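Residue-level structural notes
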Amino acid sequence: MASVSTDRTPVGGTGTVAGGQDSPPALAGYTLPEPLREFLPKVGWTLVSVGTFAALWEFLWFIGWADPKLLPPPHVFLGAFADQAKFFNTAQRWAIGVSPDAGPTPWQAVLITVVSSAMRVFIGITLAAILALSLGVAIRYWIVVERLTLPTVTLLSPVSPIAWLPVAIFLFGIGNAPAIFMVVIALFFHMTIATINHIDGVNRNLINVARTMGATKAQIYRRVIIPAILPGVFVILRLNLFGAWMVVLIAESTGVGYGLGQVIMLARNTFNPSLVFFCIALIGFLGFATDWAMRMTQKRVLYWVNDPSGVLRGL
Amino acid sequence: MSCRDVGKIWAAGTSRAHEALANIDLDIEPGEFVVLLGPSGCGKSTLLYLIAGLEQQTGGSLTYFGEQVKAPSPDRSLIFQETSLFPWLSVWENVSFGLQIRGESEPDRRAAAKDVLKRVGLTEAGSKRPDELSGGMRQRVAVARALAMRPRVLLMDEPFAALDVQTRQKMQDFLIDVWRDSGASVVFVTHHIDEAVALADRVCVFTSRPGRIKETVKVDLPRPRDPFSPECEALRKRLTQLLKDEVDRAFAEQEGMAEAV
Ligand SMILES: Nc1ncnc2c1ncn2[C@@H]1O[C@H](COP(=O)(O)OP(=O)(O)O)[C@@H](O)[C@H]1O
Ligand SMILES: [Mg+2]
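Let us look at the structure shown here.

Conventions we followed
Residues numbered from 1 in each chain as written. Chains lettered and ligands numbered in written order. Predicted model: local features only at pLDDT ≥ 70, side-chain atom pairs only at ≥ 80, totals over all residues. Heavy atoms only, no water. Salt bridge = Lys/Arg side-chain N within 4 Å of Asp/Glu carboxyl O. Helix = DSSP H or I, 4+ residues; strand = E, 2+ residues; numbered from the N terminus. Buried < 20%, exposed > 50% of the residue type's maximum accessible area, 1.4 Å probe, protein only. Polar contact = N/O pair within 3.5 Å; in protein donor to acceptor, adjacent residues only side chain to side chain. Contact = heavy atoms within 4.5 Å. Pairing = 2+ DSSP bridges. Axes fitted to C-alpha atoms, helices over the stretch in contact; angles between N-to-C directions. Phe/Tyr/Trp six-rings, centres within 6.5 Å; stacked < 30°, edge-to-face > 60°. Lys NZ or Arg CZ within 6 Å of the ring centre and 35° of its normal.

For the rest of this paragraph, the subject is the pattern of salt bridges. Applying the stated criterion across every chain, the model contains 17 salt bridges over all chains. Its salt-bridge partner being B:Arg238, residue B:Glu215 comes within 2.5 Å of it at the nearest N-O pair. Of this pair, B:Glu215 sits in strand β10 (residues 212–218) while B:Arg238 sits in helix α8 (residues 230–260), placing them 23 residues apart in sequence. The class for B:Glu215 is partly exposed, based on a relative accessible area of 28%. Taken together, the shared-partner salt bridges in this structure form one network comprising A:Arg140, A:Glu146 and A:Asp200.

This paragraph deals with the side chain of B:Lys44. All names here are of chain B. Looking at the secondary structure, you find Lys44 in helix α1 (residues 44–52). Within the local environment of Lys44, its side chain forms a polar contact with the backbone oxygen of Gly38, the two atoms lying 3.0 Å apart. At 3.0 Å, the side chain of Lys44 and the backbone oxygen of Pro39 are in polar contact. Beyond its immediate sequence surroundings of up to four residues, Lys44 is in contact with Leu36, Leu37, Gly38, Pro39, Glu158, Val189, Thr190 and Phe206.

Turning our attention to the sheet that holds strand β5 (residues 67–68) of chain B. All names here are of chain B. An order of β2-β1-β4-β5 is seen for the 4 strands of this open sheet, with the pairing classed as antiparallel. Both outer strands of the open sheet, β2 (18–27) and β5, are each paired with one neighbouring strand and no more. Relative to the sheet, α1 contacts β1 (2–10), β2 and β4 (59–64), its axis offset from that of β2 by approximately 60°.

This paragraph deals with the packing of aromatic side chains. This model, assessed by the stated rule, comprises 19 aromatic pairs over all chains. Considering the side-chain rings of A:Phe188 and A:Phe189, the 5.3 Å spacing of their centres and the 70° angle between planes classify their relative orientation as edge-to-face. Residue classification places A:Phe188 among the buried positions, given a relative accessible area of 15%. Ring geometry for B:Phe33 and B:Trp179: centres 5.2 Å apart, planes at 80°, overall edge-to-face. Residue B:Phe33 is found in strand β3 (residues 33–37), and its partner B:Trp179 is found in helix α6 (residues 165–182); the two are separated by 146 residues along the sequence. Note on accessibility: B:Phe33 and B:Trp179 belong to one class, buried. Three or more aromatic residues link up through ring pairs in this structure, and these residues are A:Trp164, A:Phe172, A:Phe181, A:Phe188 and A:Phe189. Geometry around B:Trp10 places B:Lys8 over its ring, the cationic atom sitting 4.7 Å from the centre. In this structure, B:Arg76 packs its charged tip against the face of B:Tyr64, placed 4.8 Å from the ring centre.

This is the structure in structure tokens:
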């Protein structure tokens, strides 16, 4: 092998060719800009992965193993888009005196439903993060706050968020508020405790450096402790993202308002597997998109944290 | 800086009480380079923390220009063994961190950072982030950050221990230059005899459990020192002997303890 490669012309001009099978597709004389070079292979592999799964499903349908009434393959439940979308047309429900036909178009209907669910998740997560970070820092900053709140927080953190569902409805009735409340409740206690743990884990030396430079307690918290714990808190946030989606779907399916969860409940009650799988596809896509958005945020806001996945892949 | 009969007991009054230092008498003259030499765990870092004011002694007194040491002060800067740079700040922001704490304006801070970074030979690295630097460069940034406060005492806790031998030698030369032109005194902790020989005006050899100063050796050799000169060899031999006794004693003690159990 070695002797063969030495016979070839040197690869000087096209050095990236030596990079191996991972190097991105480059057209002659044109290399893609760096973000795209990273991004495109990822999208490609996602499509391959999902495509394989869908193909397997279609195959099982084709040979007659998957009953299209119970497990409709992707081309069935995605194909009848306009048909499915009419179930999403719930935005009109809140308007009185509107004729049933005068709804939004199918696309708009799906979009309205998806956006309203996603907004609940987003607002809930943001609120939970702000509240938990504030309380966690306050608990370490003032011993009084710790004594007053920490026992309660510790006691409530293992309670399943589902147990709070009735409370959400008693307090907030229907609409956005109970779903957001559920997300906040689901994340808040864990995140407060995680914040405290992260504060306790901050490198002593960093704090001592600030102390020798004459920093006050407030300055140490603001300039050292909070930046030092942010990466860890953000990771907790990402890990809880799927939990937040789950809680919102549950809240919606019990009828606190229109949204994806409600559509799934409708599908269940009317025995409509196509609609169920359509929703599952949507939710999967949304979870994926939200996680991606959070990773992008992490890269921008927490620019100093290295991504370890490259090292792991090298193992 | 003056320490009189200083003692430190960690976790005093509990069942885990642990005497780390006892009867420490040490005076540090302005502009002097003192090396604290001793085996690991003998309380060198503890003494440095007491001098810095980060911990309180449990016995004796520490005074700085006649005043009791009660709290940390920018006048006594501490440099740690592991990287202690703020990873979220760029090099120049790290260097001027203390000035920001004091509330100085950004142009002033930039100018000051540029000035100290030049003194440690890192003019170009100002906008880099710490994780883009090598170990030696990071420690130079840490030195620059300490210098930016214009301290009169530089406390260094095994600052070059994590570096390879070649880099460490370079850093020692660099430190001597910095020390000369800053005029500050340096208290330098190490367990390396060669490092003590290369740097010190005075070497304090520690015993362990509890840490005491066993002997103080004055070093009156001109710098830069040739590590293979007869004087350096003699000094190295003497320090080795002093430490060897100490390590032997510690081992014997541990064996005794093991048998008692
Ligand atoms: N924060 C602390 N709390 C309790 N014990 C400590 C603490 N720091 C150091 N010690 C103990 O004091 C002794 C001296 O430690 P140290 O000063 O770090 O030694 P050296 O720096 O010489 O290696 C050790 O036995 C160590 O376990
Ligand atoms: Mg130490």
